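Structural description and commentary
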Amino acid sequence: MEKYYKLLKNSLKTKREKVRTGLYLHYPFCRSKCSYCHFSSFIFEPELHCQWLSTIKKEIERLAFYLADYLVIDTVYFGGGSPSLLTPEEILSLLLALRHNLSACPEEVTLEVNPAAETDRVQGWLQAGVTRLSFGAQSFDSVVLGVLGRHYRPEQTISLVKEAVRGGGRNINLDLMIGVPGESWRTLETNLQALRELEPHHLSVYILEELEKVPFRRVWEESPRSEEEVAETYAHYQVRFEEAGWSQYEISNFSKPGFECRHNLKYWRYEPFLGLGPSASSHLGSFRWTSPGLLGEWAAAVNSGEADLPEFIELRPEAELRESLAFGLRLREGISLENLRRRFPAVDFSRLENKLSRLAATELLQIKDGRVSLPPDKFLVSNSILSELLW
Ligand code: SF4
């Protein structure tokens, strides 16, 4: 990994200012594996947990050795897996390692929390420096939770969120899943009732998908939900959330004013981010890379410092432009064409502009005040619009 850090250091040396970047820490363990999960996650074992902790601290040190002078870490995101298996003391030790090695004083520190987590940890996480708690509620309908095989009851999520508010939590997200077999209009009303009671600052709504290679596929095949049903459910959430004051700022994300997730905005605005931990992805300048996905391979790569990263690539400006459009068009604010031209001066925009005009003429895209965006009622078909635009 060291040769890559040296390459990155050389690319950053020429910058006049330090680069502001987000830092994602991937904690890969869960108490059990959900049958619909397609993430990189393994069953929790105390020895593996300790190995992860010591290795990620070493990875922080290696990163800092080469790049500390060139970066400002302004957001941190503990994702997984189930990073709520980390104790407050462990979170604190990681944040101190970031401060000590990278002078990181992040403005936003998110922790993903499984609703089955121990309630008495919540206050400790906040005191350790977590500023944003993201609860993987998935649903407040016990039928849906049962179908998904989640090991907690809706009341547990509700009491955990209330505990977070009592403990000083001032920035709370809830994840919801839609498109689950067994979901009904009652589910929507049950979820909305719980949300009215909890008033979270932020909501993420994901559609159950990518089931080809996971055991849940069998459940899905027995009682699938049609694309039309899922689209109708999504549209209802869009309307009801807007009515209740959660404004949609991204295809899957809604927030009260000022509570957009700053870390995730970096992905969509095509700003730099670094990922540490197994299978974590990074984007710095025109470089992209992903860490080895298996715990042993990742630990060996960090400890030896010599591993090859087959997925370390440098993108050409045309490919970067395509990526920035693909991410930026997920945002309701869309993307500024002027900024794109400034950022990629060597790219010929004429072909892209023709396609943009064609798609705008059929109202699949909108171009207003120099920004191009998708109409919110086209968010769910964004993939087909993007494939027409970008290829
Ligand atoms: S809790 Fe999340 S990461 Fe862990 S197995 Fe379930 S879906 Fe996957």
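Every chain is numbered on its own, with residues counted from 1 as its sequence reads. Local features are withheld for residues below a pLDDT of 70 in this predicted model, meaning they are given only at 70 or higher, and side-chain atom pairs are given and counted only at 80 or more; totals for whole chains, interfaces and linings count all residues.

Domain delimitation follows an automatic or database domain assignment. When the domains of the protein are assigned, the result is domain 1 (2–268) and domain 2 (317–391). Of note, the centres of domain 1 and domain 2, computed from C-alpha atoms alone, are 28 Å apart. Those elements that place two or more of their residues in the side of domain 1 that touches domain 2 are α9 (227–243), β9 (247–250) and α10 (262–268). When residues are grouped by polarity, Ala, Val, Leu, Ile, Met, Phe, Trp, Tyr, Cys and Pro land in nonpolar, Asp, Glu, Lys and Arg in charged, and all others, Gly among them, in polar. Partitioning the side of domain 1 that touches domain 2 into residue classes produces six nonpolar, two polar and one charged. Helix numbers and strand numbers start at the N terminus; a helix is a DSSP run of H or I with at least 4 residues, a strand a run of E with at least 2.

So, about the site of the ligand. Working rule for contacts: place C-beta from the backbone, and if it is within 6 Å of a molecule or strand, that residue counts as near it. Around the ligand lies a shell formed by C30, K33, C34, C37, F39, S41, G80, G81, S82 and N114. Taken together, the residues of the shell around the ligand sort by class into four nonpolar, five polar and one charged.

Turning next to the pairing of strand β8 (residues 202–207). Two elements, strand β7 (residues 172–178) and β8, share six bridges in a ladder whose sense is parallel. Pairing of L176 across the sheet is with V205, part of β8. When the strands point away from the viewer and the path from the first strand over the helix to the second turns clockwise, the crossover is right-handed. Of the crossover connections in this fold, the one passing from β7 over helix α7 (residues 185–198) to the parallel β8 is right-handed. As paired elements, β8 and strand β10 (residues 253–255) share three bridges and run antiparallel to each other. Bridge assignment links H202 to a residue of β10, and that residue is S255. A pair of strands is treated as paired once DSSP finds two or more bridges between them.

Below, the discussion takes up the packing of helix α2 (residues 46–67) against helix α3 (residues 88–102). To obtain each axis, a line is fitted to C-alpha atoms, and for helices this fit is confined to the stretch in contact; angles are then taken between N-to-C directions over 0 to 180 degrees. Packing of α2 against α3 leaves a shortest axis separation of 9 Å and a crossing angle of 15 degrees. Put simply, α2 runs roughly parallel to α3. Note on packing geometry: the crossing formed by α2 with α3 is right-handed. Counting all contacts with α2, which are made through L53, K57, I60, E61 and A64, the residues of α3 involved are E90, A97, L98, N101 and L102. Should an angle lie under 35 degrees it is considered roughly parallel, over 145 roughly antiparallel, and from 65 to 115 roughly perpendicular; all remaining angles are considered oblique. Each crossing gets its hand from how the near helix is turned against the far one by less than a right angle, where anticlockwise is left-handed and clockwise is right-handed. Contacts here follow a simple rule: the backbone-placed C-beta atoms of the two residues must lie within 7 Å.

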